[in-house]
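# Observations on the three-dimensional arrangement
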Amino acid sequence: MFDDWLPFAIYGLFSLVIPATMIGASFALATRPKRVVKARTIPFESGVSTGPPVKQRFTVSFYLTAMLFVLFDIEIVFLYPLAVILHELAWFGFLEFLVFILILLVAYVYIWRKGALEWR
Amino acid sequence: MNTAAWVTLLAPLASAVAITLTGNLLSRRQAGFLATGAALVAFGAAITAFVTMVGKDAEERIAQTTSWTWLSAGSFHVNLTLLTDQLSIMMMLIITGVGSLIVAYSVGYIDGDDEERRFFAYMSLFLFSMLLLVQGGDLLLLLAGWGMVGLSSYLLIGYHQHRAAAVAAAKKAFVMNAFGDAAMAMSLFLLVQHTGRLDYAGVFENAPGGGALATVIALGLLGGALAKSAQIPLHTWLPDAMEGPTPVSALIHAATMVTAGVYLIVRCHPLFENAKAVENLAAGLGAVTLVMAGLIALVQTDIKRVIAYSTMSQIGYMFVGAAAGSYVNGMFHLMTHAFFKALLFLAAGIIIHALHDEQDIRKMGGLGKKLPHTRTVFLIGSLALVGVPPFSGFFSKDAIIASTLDRGTFGLFLFGACLIGAFLTGVYTFRLYFIVFHGEQSAFAKEHLHEPHGRLEGPLSMVWPVTILGVLAAVGGLVQFAPVWHPLTRWLEPIAPSFAEATNTQEFIASAGTVALGLLGIYVAWTMFGAKTRPVPQPVAAFEAKFWWDELYDAIFYRPAVAASALLRRLVEVPLVFGSINELTRGFRIGSVELARVQNGLVRSYAFALTTGLAVLTVIFLVTK
Amino acid sequence: MINKPHVDWFALSPTLALIGASGLLLLVSVLAPKRTRKPLAATIAGAAFLTALVFAIALTDKSAHGAAIVADAIFRDRWTGLAQVLIAGCGLVAVLISYGERWREEHVGEYYALLTAAGAGLVFFVSASNLMTLFLGLEWFSIALYVLCAIDIHLVGSLEAGLKYLIIGAIGSATLLFGSALVYGATGSLGFDQIAAGTHAHSGLLVGGLAMVIVGLAFKTSAAPFHMWTPDVYQGAPTPVTAFMAAATKVGALVVTARILVTAFPSEQHLWTWALAGIAIASLVVGNIAALAQRNVKRLLAYSSVSHAGFMLFAIAAANTLGARSLMYYLIPYCAMSLGAFAVVAARERELGAPVTLENLAGFGWDRPFLGVAMWVFMLGFLGFPLTGGFWGKIYVFSAVYQHGWWWLIVVGVVATMVSAVYYLAIVRSMFLRDSVELALAPVGGAPSREVALSIGVAACLVVTVGSFFAVQPLIDAAHAASRALPF
């Protein structure tokens, strides 16, 4: 009986402890000066100050290009393990490789003709 | 041969569907021709099937074709099976032959009606249903056909939907037939449950051979037969059904549908033979009906109602024949009756047409001179109906009456009833004939006799079918003359071997008695209505009131039902049902609203529902595993 | 040395045909001239689904003996084959319905590319034989459907539908994945057959994982209480997409649910039969009651699809071969009826240029008799009326449940059917009992030209709905052959 519940108990414990530690630690370790200044009450996000709004903004093209880069980058990473064992896989591996490249190529033609690579 | 059987069945259906689907694309007249053509095609196919069958040995004549198995579970199969055997082919020939003549007649009769197309679609549908009834190879198709002829009869009786009487009559016919259908369906279900089969052969083989179950099954079948064939006590719808157009009366309420009960008894004779009491009950009811209907017919004043009561009376003869064990003679009379009764109805239709839709015979008189052709065929039909040799009715009716003598004491009762009926038939038939055709033209006739289609007796499409039927009514009985030749008996023997066979002496006694009484009846009618040498007696109140059947049903079914439903409404429906329905709908509405509140469109609450469900399920699994 | 798996290309052919077409369509959407894009893309998509259909039929025919193939990644048997036939058929009809939709030109090629991709994913999903391929297939068609729901960004609610579906769908997928992980943890194997063969029955991890797998799949089936996304998404998504989702996704999810429960978790049968019965009852209650209050027809049909999920889960809960057979049979008319019903809604929507409600459906039956009568038949079919396949579907499901000894479930089912008559007949009533003229519901810009493609699609659905009533024997035989692939 206990055996069955043990994994869940451990899982539940972890899911409670981790957020609790985070919240608790931030309370325990925080050094709060007594004086309340306006800058201290605004939200705090990973070291980046949220306020006053930045005038300069990134264009959408930046995010698009970045996203496409990440996508194709990850896909190309798959070629490394394939390259390592290509000799063992021989023609089978080569054909699979070609199919993979073909799919990437279709996607590439698509984004290219769609104009996603042009900087606007 | 099987192809021919399929063509027979499907041609009328195709016509009904085509007329329905094409709608206004088809002119009203074209619809009529289409329906007639389809009926003729069916008739041609039926003849083909018949000729093929004649060419075969008696043992090979029964042909079952399964076009398609719908469901099969173990030994239980639901098939679309056509059964073509000697009995069904005889019915097919009668239905399509007489049917095509009547549909052709309708082209002229119904001409000018706004809803002609609808009429012909219904007629085709009826022919299909009737053929399905007789051609179906198992109980399910029999029941389907049985129900569908009820439906198409309902549609056709109520064809003049603007006339309240027609609608009421249609409803009455439907309710009475529904009662019969329910009784029959019950016994079919009992049979299927008991035998686990649907096909006739299998069912008859495994049916209970006696005892209470066999009796109940036969009773249920008898209930269906009584309702369809308008026999006492389920007969009151037929006279009212005369509200339908005259060709409908000829086709459905004389030639085909009302004889379905006789067909059922013959088809299912093994089941009736297993329950002798029910068989005798059927014969007894037939005998009572034939006398009672004859008496009522004496005093009717509506030309179609006289013929309707005569139909009831003649079907009474068929019941006597079929249920007393003389299946062949029952079927024989069914055939000749189809000829002469359709003839009488169609001739009556010509008269009604010529007189501006007047049906009251008291206003008619002396029409013979103006309508000589109609008079001749009507006379032939009347003589055939009374059973005067050599007209067709003589051969078939006398054979039935003779065969009752083979049934001992009970047979004597039937015999007596049949002889009384023969006398009554002579009186009421010729009362009608003399009143309508004999003597001087009545004032009403002089005023209203007109020429609806340039010819007083209607267009050729009406005259020809009547003439053909006249010939058939005159000579159709020569098919079989029991003492001398009997091809019909040999033909039907393999399907329904009769167990009541009259000897030649009995035939002679029966014939002599019947013909003498029939002629006596005609003489009585002549003295009262032809020569008018004797005064017409005062009509008996019981006859005029049709023996109070309608009042009886009113008193024991209708009024208690109305009272009970009023009581139920007051005590149960208003406080309980209405109340609870209100509560129920209120409950559902609240439920709906509450659910709509949960369904608030917020993704987080959807996710919450999902994870809650997951948590509940997981915990239950872990606890109960 | 690496073991190269033997690849059964024939078994993969329906998937390959569709995914190949998807790539081709992506190229068409950027390379073909603008004017030819729409007809070309629709033709390619239709041809792809047709090819997949033919392949799937051949595959069903030639897979009498089921086996796990391609390194035990997928099953090749008739259960898979018949489901693939259904999905490909649904896709074909969906293409016909889609053709007349007023797609924005720059998205029409992508629409068909995504539709074929979703079809490919579903076809692959139903063949899954281990937890990995199961999840792969699930994500494959889900992601395509997320985008499809949001593809018409000018349609009110389309974007919202896509986003909601994405977020909730992600939770559903995560649940399935978590469950798979727990099952793997408990048994140490991924393949369905191996999981069943494992000796770790009744361990807490296994049943916990089972619960999560059930929830993840019930989410895709849109069974209550995991159905909450269904009304919003069905209502918001473009109608042809809704039609495809309602039919094909349900086929995929139900077929896979039956497969994984029967194949991988036979030892936990006592748990999942009850779980599915509970979920099914909840679906019937929620679906039917909520449908009563709906005025929007798409939303109403969404709730109807929830209640139908309940009916079909009955068949799986029965856990017998009759249940599997009835599930496969019921799916055939069900797909036809829901595709057809949504197609009719799409036709009215295009005519009015507004969402279809019970009010503005008035008189449609008289204006468009064919579509009106077809809708009537579909509603009667949902209701389980004789002369439609829905009748036999319900009868078979009930008899499967009866065989399992749960007569009380039949009572629930019959009551639910009676309640559902109210809203199904409400649709018929509003179509036929009122005249559009007196309500002055003039179509925008005059009546649009009659769509041949949509009418063909509706006619096909009509033929299947009615035909499955008459041709019940061959279909039930096919379903029987398919159910033999499951180890009961």
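Just so we're clear, the structure is a prediction, and the values are computed from it rather than from any experiment. (Residues numbered from 1 in each chain as written. Chains lettered and ligands numbered in written order. Predicted model: local features only at pLDDT ≥ 70, side-chain atom pairs only at ≥ 80, totals over all residues.)

## Points about the overall build of chain B
When its secondary structure is counted, chain B shows 25 helices and two strands. Taking 25 Å as the expected radius of gyration for a compact globule of 625 residues, we find that chain B reaches 28 Å, a close match to that expectation. If one aligns the C-alpha atoms of chain B with their principal axes, the spans along those axes are about 100 × 60 × 50 Å. Of the contacts made within chain B by residues no fewer than 6 positions apart, 81% connect residues no fewer than 24 positions apart. (Helix = DSSP H or I, 4+ residues; strand = E, 2+ residues; numbered from the N terminus. Rg over C-alpha atoms; globule rule 2.2 N^0.38 Å. Contact = placed C-beta atoms within 7 Å.)

## Digging into the overall build of chain A
Within chain A one finds four helices and two strands. Start at the N end of chain A and walk to the C end: the helices and strands fall as α-α-β-β-α-α. Within chain A, the fraction of its 120 residues that count as buried is 0%. (Buried ≥ 20, exposed ≤ 12 C-beta atoms within 10 Å, placed from the backbone.)

## Thoughts on the UniProt feature "transmembrane region" (unreviewed entry) in chain A
Residue and element names in this part refer to chain A. In this numbering, the UniProt entry assigns the feature "transmembrane region" (unreviewed entry) to residues 6–30, 62–83 and 89–111. Note that residues 6–30 is 96% helix and 0% strand, and that its end C-alpha atoms are spaced 35 Å apart. Along residues 89–111, the helical share is 100% and the strand share 0%, with 32 Å between the first and last C-alpha atoms. (UniProt positions renumbered as here; feature names shortened; annotations may be inferred.)

## Remarks on the domain arrangement of chain B
According to the domain assignment, chain B contains domain 1 (319–540) and domain 2 (549–624). A separation of 61 Å is found between the C-alpha centroids of domain 1 of chain B and domain 2 of chain B. (Domains from an automatic or database assignment.)

## Looking at the interface of chain C and chain B
On the side of chain B, 25 residues touch chain C, which itself brings 31 residues to the contact. Elements represented by at least two residues in the side of chain C that touches chain B include exactly helix H6 (158–187), helix H8 (204–221), helix H9 (229–236), helix H11 (269–292) and helix H20 (472–483) of chain C.

## Remarks on unusual backbone geometry
What is expected of a backbone is that most residues other than glycine have negative phi and most peptide bonds are trans. All names here are of chain C. Cis geometry marks the peptide bond from Ala224 to Pro225, where omega comes out at 0°. In this structure, Pro225 sits in the loop between H8 and H9. The phi dihedral of Ala319 falls on the positive side, at around 55°, and the residue is not glycine. Take Ala319: it is sitting in the loop between helix H12 (297–317) and helix H13 (321–352).

## Section: the interface of chain C and chain A
Opposite the twelve residues of chain C that make contact, chain A presents 14 residues. If you list the elements that add at least two residues to the side of chain C that touches chain A, you get helix H1 (9–31) and H8 of chain C. Of the residues forming the side of chain C that touches chain A, the biggest block, five residues, is contributed by H1(C). Taken together, the residues of the side of chain C that touches chain A break down into seven nonpolar, four polar and one charged. (Nonpolar A, V, L, I, M, F, W, Y, C, P; charged D, E, K, R; others polar.)

## Focus on the environment of B:Glu493
Among the structural elements, B:Glu493 can be located in the loop between helix H21 (487–492) and helix H22 (504–530). Note: C-alpha distance between B:Glu493 and B:Val328 (165 residues apart in sequence) is 7.9 Å.

## A closer look at the environment of C:Leu131
Residues and elements named next belong to chain C. Here Leu131 is to be found in helix H5 (residues 131–149). Separated by 37 residues in sequence, Leu131 and Ile168 have C-alpha atoms that sit 21 Å apart. If we ignore the near neighbours within four places in the chain, the residues touching Leu131 are Ser180, Val183, Tyr184 and Leu190.

## So, the confidence of the model for chain B
When the pLDDT values of chain B are averaged, the result is 80; 94% of them are 70 or greater. Interface confidence for the predicted complex, expressed as ipTM, amounts to 0.82; the pTM equals 0.73. (pLDDT = per-residue confidence, 0-100.)

## Comments concerning the packing of H13(C) against helix H16 (residues 389–403) of chain C
Residues and elements named next belong to chain C. Interaxial distance between H13 and H16 falls to 8 Å at its minimum, and their mutual angle equals 160°. One finds that H13 runs roughly antiparallel with respect to H16. When the axes of H13 and H16 are compared, the crossing they make is left-handed. Where H13 approaches H16, its residues Leu322, Gly323, Arg325, Ser326, Tyr329, Tyr330, Ile332, Pro333, Tyr334 and Met337 are matched on the opposing element by Gly389, Gly390, Trp392, Gly393, Tyr396, Val397, Ser399, Ala400 and Gln403. (Axes fitted to C-alpha atoms, helices over the stretch in contact; angles between N-to-C directions. Parallel < 35°, antiparallel > 145°, perpendicular 65-115°, else oblique. Left-handed = near helix turned anticlockwise from the far one by under 90°.)

## Here we look at the packing of helix H13 (residues 276–297) of chain B against helix H18 (residues 408–437) of chain B
All names here are of chain B. Where H13 meets H18, the closest approach of the two axes is 9 Å, and the angle between their N-to-C directions is 25°. The orientation of H13 relative to H18 falls into the category roughly parallel. Between H13 and H18 lies a crossing of left-handed hand. Contacts between H13 and H18 involve Asn280, Ala283, Ala287, Leu290, Val291, Gly294, Leu295 and Ala297 from the first element and Phe410, Phe413, Leu414, Ala417, Cys418, Ile420, Gly421, Leu424, Thr425 and Tyr428 from the second. Classifying every residue of the contact of H13 with H18 gives 14 nonpolar, four polar and no charged.

## Focus: the nonpolar core
Residues C:Ala45, C:Cys90, C:Leu210, C:Val251, C:Phe314, C:Leu339 and C:Ala343 are the most contacted members of the largest nonpolar core, which totals 211 residues. Per-element tally for this core: the top contributor is H13(C), with 20 residues. Residues contacting C:Ala343, with those up to four places away along its chain left out, are C:Ile97, C:Ala243, C:Leu454, C:Gly457, C:Val458 and C:Cys461. Judged by nonpolar contacts, the second largest core, of 204 residues, contains B:Val134, B:Ile296, B:Ile350 and B:Ala502. (Core = buried A, V, L, I, M, F, W, Y, C linked by C-beta atoms within 7 Å.)

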